[in-house]
Amino acid sequence: MQMASTVDASGNPIPSSSVLMASSKHIGIRCHSENFEFLKCKKKDQNPEKCLDKGRDVTRCVLGLLKDLHQKCTNEMNDYVGCMYYHTNEFDLCRKEQQAFEQKCSLE
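As recorded in an unreviewed UniProt entry, the protein chain goes by CHCH domain-containing protein and comes from Sphenostylis stenocarpa. As stated in UniProt under Sequence similarities (unreviewed entry), the record for the protein chain gives "Belongs to the complex I NDUFA8 subunit family."

If you want it as structure tokens, here you go:
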């Protein structure tokens, strides 16, 4: 199963649904505080403009993480993302690739 790269020509991550799903555990850990601050802001004020800075912090964190993951475990990430893409983001069908990815790029 072959799909397009997880990064663009300049090396920046492409946050497709498969990339985000495959990286979701890492995002939850690494970007926890940014997500927490964003949700806290949204709860305090429903005006979307009030939380743009917090949203940018979340985006910056996620894109930085994706870039790090791609550099640290390129093949394992591409295999896992490719499987998720092929199987329409069904985790259960990609456990082998998930295990290899999480072994190479630990969740810490």
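K.L.:
Explanation requested: the UniProt feature "domain: CHCH" (unreviewed entry) in the protein chain in the structure shown.
P.N.:
UniProt marks residues 73-105 with the feature "domain: CHCH" (unreviewed entry), using the numbering shown here. As a span, residues 73-105 carries 70% helix and 0% strand, and end to end its C-alpha atoms are 6 Å apart.

K.L.:
It is not clear to me how unusual backbone geometry should be interpreted in this structure. Could you clarify?
P.N.:
As a rule of thumb, non-glycine residues mostly have phi less than zero, and peptide bonds are mostly trans rather than cis. Residues other than glycine seldom take positive phi values, yet Thr88 does so here, at roughly 50 degrees. Looking at Thr88, the relative accessible area reads 64%, which means it is exposed. For Asn89, which is not a glycine, the phi torsion comes out positive at approximately 60 degrees. Along the polypeptide, Asn89 turns up in the loop between helix H5 (74-86) and helix H6 (95-104).

What counts, and at which threshold
- Residues numbered from 1 in each chain as written.
- Predicted model: local features only at pLDDT ≥ 70, side-chain atom pairs only at ≥ 80, totals over all residues.
- Heavy atoms only, no water.
- UniProt positions renumbered as here; feature names shortened; annotations may be inferred.
- Helix = DSSP H or I, 4+ residues; strand = E, 2+ residues; numbered from the N terminus.
- Buried < 20%, exposed > 50% of the residue type's maximum accessible area, 1.4 Å probe, protein only.

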